[in-house]
Amino acid sequence: MEYNFTDIERKWQQYWKENKIYKTQIDHDKPKQYVLDMFPYPSGAGLHVGHPLGYIASDIYARFLRQKGFNVLHPMGYDAFGLPAEQYAIQTGQHPAITTENNINRYREQLDKIGFSYDWDREVRTCDPEYYKWTQWTFIQLYKHYYNNKTQKAEPITELISKFERSGNLDLDASSDSIEDFTAVGWRKMNEKEKQQTLMKYRLAYLSETMVNWCPKLGTVLANDEVKEGYSVRGGFPVEKKKMNQWSLRVTAYAQRLLDGLEKIDWPDSLKEIQRNWIGKSEGATIFFKVKGFDDQIEVFTTRPDTIFGSTYMVLAPEHELVKKITTQQYSSKVEKYIEESFKRTELERMSETKSVTGQFTGTYCEHPFTGDLLPVYVADYVLAGYGTGAIMAVPAHDSRDYSFAKKFKLPIKEVVTGGNIEKGSYDAKEGTLVDSDFISGMCVPDAIKAVVKKLESNGTGKGTVNFRIRDAIFSRQRYWGEPFPVYYKDGIPYVLDEDELPLELPEVDKYLPTEAGEPPLARAKNWKTKEGYQLDWNTMPGFAGSSAYYIRFMDPRNDNELVSKEAVEYWRNVDMYVGGAEHATGHLVYSRFWNKFLYDIGVVVEPEPFKKLINQGMLQGRSNFVYRVKGTNKFVSYNLKENYDTMPIHVDVNIVDNDILDIEAFKKWNPEYENAEFVLENGKYVCGWDVEKMSKSYHNVVNPDDLIEKYGADTLRLYEMFLGPIEQSKPWDPKGFEGAFRFIKRFWRLFHDDKGNLNVTQQSPTKEELKALHKAIKKANEDIERFAFNTAISAFMTFLNKLYEYKCNKKEILEPFLIILSPFAPHITEELWHKLGNRQSIFFSEYPEYDESYITEDMITYPVSFNGKTRFKIEISADKDAEEIEKKVLEAEESQKWIKDKKVKKVIVVPGKIVNVVV
RNA sequence: GCGGAUGUGGCGGAAUUGGUAGACGCGCUAGACUUAGGAUCUAGUGCCGCAAGGCGUGGGGGUUCGACUCCCUCCAUCCGCACCA
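A brief report on the enclosed structure follows. (Residues numbered from 1 in each chain as written. Chains lettered and ligands numbered in written order. Predicted model: local features only at pLDDT ≥ 70, side-chain atom pairs only at ≥ 80, totals over all residues. Heavy atoms only, no water.)

Remarks on the sheet that holds strand β9 (residues 240–249)
Strands pair in a sheet through their backbones, by hydrogen bonds, and they do so in one of two ways: parallel or antiparallel. The condition is simple: The rule for pairing is simple: two strands pair if DSSP sees at least two bridges between them. The way it works is that DSSP assigns letters per residue, a run of H or I at least four long becomes a helix, a run of E at least two long becomes a strand, and they are numbered from the N terminus.
Pairing is antiparallel across the open sheet formed by 4 strands, whose spatial order is β6-β5-β9-β17. The two strands at the open ends of the sheet, each matched to only one other strand, are β6 (220–222) and β17 (473–474).

Structural notes on the sheet that holds strand β22 (residues 614–616)
Rules: Angular values range over 0 to 180 degrees, each being the angle between N-to-C directions of two axes fitted as lines to C-alpha atoms, with helices fitted over their stretch in contact. Should any heavy atoms of two residues lie within 4.5 Å, those residues are considered in contact.
One open sheet accounts for 4 strands, arranged β2-β1-β21-β22; its pairing is parallel. If you trace the sheet from one side to the other, it starts and ends with β2 (71–73) and β22, each paired once. If you compare each strand with its neighbour and ignore which way they point, the axes differ by 20° on average. Where strand β1 (residues 32–37) lies against strand β21 (residues 577–580), 3 bridges are found, and the strand directions are parallel. Counterpart to Leu36 in the pairing with β21 is Tyr578. In this fold helix α2 (residues 52–67) packs onto β1, β2 and β21, with an angle of close to 170° to the strand it touches most, β1.

Focus: empty space enclosed by the protein
Note the cut-off: In this analysis the probe radius is 1.4 Å and the grid spacing 1 Å, with only protein atoms considered; a cavity is a set of points the probe fits into but cannot get out of, a pocket is an open set with protein on both sides within 12 Å along at least five of seven lines, and lining residues have an atom within 4 Å of a point. Grid points are joined across faces, edges and corners, and a volume is the space filled by probe spheres set on the points. Residues are grouped as follows: Ala, Val, Leu, Ile, Met, Phe, Trp, Tyr, Cys and Pro are nonpolar; Asp, Glu, Lys and Arg are charged; all remaining types, including Gly, are polar.
This model, assessed by the stated rule, comprises 1 cavity of 30 Å³ or more. When its volume is computed, the largest cavity comes out at roughly 60 Å³. The wall of the largest cavity is formed by Tyr131, Trp134, Thr135, Thr138, Ala545, Gly546, Ser548, Ala549, Arg553, Leu563 and Trp595. Of all the elements in the fold, those that place two or more residues in the lining of the largest cavity are α5 (129–143) and α16 (543–547). For the lining of the largest cavity, the leading source of residues is α5, giving 4 residues. When grouped by side-chain class, the residues that make up the lining of the largest cavity number 6 nonpolar, 4 polar and 1 charged.

Remarks on the protein's contact with RNA strand B
Here is the rule: Nearness is judged by heavy atoms alone; a residue qualifies as near a molecule or strand once a single heavy atom is within 4 Å of it. Whenever a nitrogen or oxygen atom comes within 3.5 Å of another N or O atom, the pair is scored as a polar contact, on the condition that within protein one atom can donate a hydrogen and the other can accept it, and that pairs from neighbouring residues in sequence are kept only if both atoms are in side chains.
Around RNA strand B, the structure places 56 residues, and the nearest of them are Thr303, Arg401, Arg469, Leu724 and Arg743. Those atoms of RNA strand B that come within 4 Å of the protein belong to sugar or phosphate at a rate of 64%. Within the backbone of Leu724, one N or O atom sits 2.5 Å away from a sugar or linking oxygen of RNA strand B. Here Gln729 contributes a side-chain N or O atom positioned 3.3 Å from a phosphate oxygen of RNA strand B. When the residues that make up the surface near RNA strand B are grouped by side-chain class, the tally is 17 nonpolar, 17 polar and 22 charged.

Quick word on the packing of aromatic side chains
Heads up, the condition is: Note on aromatic contacts: the rings of Phe and Tyr and the six-membered ring of Trp form a pair at centre separations within 6.5 Å, being stacked when their planes are under 30 degrees apart, edge-to-face when over 60 apart, and tilted otherwise. Partly exposed residues are those whose accessible area sits between 20% and 50% of the maximum for their type, while under 20% is buried and over 50% is exposed, using a 1.4 Å probe and protein chains only.
If you walk through the whole model with that rule in mind, you get 75 aromatic pairs. Judged by centre distance (5.1 Å) and plane angle (85°), the rings of Tyr720 and Trp733 are edge-to-face. Of this pair, Tyr720 sits in helix α22 (residues 714–723) while Trp733 sits in the loop between β30 (731–732) and α23 (738–751), and the two are 13 residues apart along the sequence. For Tyr720, a relative accessible area of 3% translates into the label buried.

Some details on the environment of Val452
As for its placement among the helices and strands, Val452 is situated in helix α15 (residues 445–459). Along the primary structure Val452 and Asn148 are separated by 304 residues, whereas in three dimensions their C-alpha atoms are 29 Å apart. Setting aside chain neighbours within four positions, we find Val452 in contact with Pro305, Asp306, Ile308, Phe370, Phe439 and Ile440.

In short, the description is geometric, and any link to function would need to be established separately.
This is the structure we're talking about:
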């Protein structure tokens, strides 16, 4: 009898569900482990085989840890707000809640078939009011806090107010928008509106008029991480800059802590590096340059204060606030024209024209703070408004961009650091000696930097500064399908709702489109007002709002009184193992770290970092097949004959190709165009070409997990996905290799049965050899699961199974532990056999077998003997022999003579237990 | 341009600390059972060579008794960032 996986898998999935095998509760007697997958956005396309890769890995890990005695939290939910459901709603009028619900049900069905060990009682959906109540709650807390740089944490805005009342903002060091100094008297003189406007500049969630990424096609603004190379990540639509009044989160306040925290977490280096670049810390100096003829100063940021004596002109970004003010009459029309043109150019054009430099002289000059020389001030869009101060001191000799600008506008180039050739190009390296630089001449670059900063600070013309590239996250979206802001407007001033009014539920609208006036969809909602009649905010929150704290909510998902109870958060603390794709490096993984740090500051969570260890699963690529059509005909040539014809390759559905042999009949039916196709065969077969590509419908190489489960079963799918290779690597899906995993499952089943399909397991005591094989497998499985190397663990199981066939072993004492160590990988077949052997409880309540070293140690060791590093023969030597005896044995051996012959033995290296190397 | 990663049979990959390179699986070859098999089992399978033997972890160089592993250098591929001052 063959293994009937369909019935057996269904049976146990049912059993696990009914008996709530995976239900998890706080248990103070057991150590906890929190194993989490990045929860999916439930798309309409369903899961393909690449999707569950990480879920399978974490599931194996979670099951393993349970058997090792840990209390494991392993939940799953849905990141359910988002654009695709809303776009679909715009097209069809179907409410996004319905689309989302349908997609979730489909996902759930697919997930269930794979046999995951999630505690579904903890499921959360970000679009559920019970859930987003706490997203809104956190927003309110962000609104009610500011960041105190002195204490390096978020503090209540009420404390800020009392500081203002005491001494204005004079001795305050807080993260804020640019703001003028005011005294306590000044504060008291402000009216309500002015006070609110002032506070807004300090809040961690704040409303401000800023340059945003506006995507007209999506009708919304986007955060920086949602834009890539001038296009929206979702949808790929062009994005432009626009000034708008928007909510933002003051992520920049946490920049240093976000950077420092990376040191303490176990994440892939590449991912940490991406975050470091994103945060973009650079140390340097801000320097003030007096503008001649004005009271104003231009503040610049530079990482190379040492090159200050090489500065020959100044540049302001077109958006810089001083540009208009300081431009002389003579140049004003030219400057205005330049600014206008540069605004017209989209980000995209600006980027594609990297090489050509543009700019315009303003007619004004600045004074050099040390020499008093006059430097011309230009406006040019190679200087970005959003970075540093939006102004630079140009040092053409030591900055390649300044160099090409200087060349174009015939500005002087003055070398101040040795090592380059300024005739040919700029010398940007931080190595060399300062020259022609007054008090720093003769110093090396690092010393010169320090000396200049010191001087700037002592004469008040500048100071040492740290600058970050990371920007505050824009938090408003002009879309329907997201969390409404718990915000209303009174006399044009925003206020947040009381916490007991949450959740503020998403209202119904007649259309999911902006209004005629261009207002967001929520402006369509009837009576979108507080009970006092104040207008509620029309924006909704972005995708990362709901995903920033879902791992916290999983700890206590049904708590209606708080985001998470003290008891739950103190027990589960944070995620021990987080598995997901690297594409979230600058989005979700930055925001949730920020969100967590804020919640940490206000005492909601107890760990400064949300995800202790993180593993990125690689992508599963598709393996595409091709047929070769003779150009201009309906004739197809087999792969190895195609050189004789003028052909073009055409993607063919991988489902009608087996082992690269085309099913010709299926091909004819596949597309009516090919119904009468002719074929040039080799050996009576049509051989297809192949290539590894992205898995995509248009390449006809998508593999669907449901089809595979139907044909081979979930255990085979799980096993094969893990066997393919290291989890973090991208690798192609080989449909043929899949059958190897299936063979293993079938062979495993047969080990327990006789030819007639009856259970056939004996009570005999195992031999030494059998025990050795078992304990080797236990050891290997243990080590490999711990380092997430599931592919090698599976090959150890295969080796073990091969051994048992060799020994013809069907002894319970060996097979039962084998079931347990295989069960995290193949839960269904092992559960079935476990029960067949007479066990009553689920195999997942059994204890992981203990590995015993004594079974593995060998009496005899086979030493490879090499001569000059080349292995020549092997020799068996008793394990208790010491190096001297081994050397003697080896040299006496007959085979040795052949390699020594007349040569002299110079040296013999013996590594006991490993190898022998003879140098002749 | 900057930063990171990866290069091992026909293919996916293994070698955890410098110690038998190619485990395990796919594919392939031959055979057994079979009406048949795309089921199962047995044997073989890095390359060259009849063999002895030689060559072999992207290329070149180095350290070492010994290098996929460490160092230098070059090449290729992938990913991230990109006028970031």
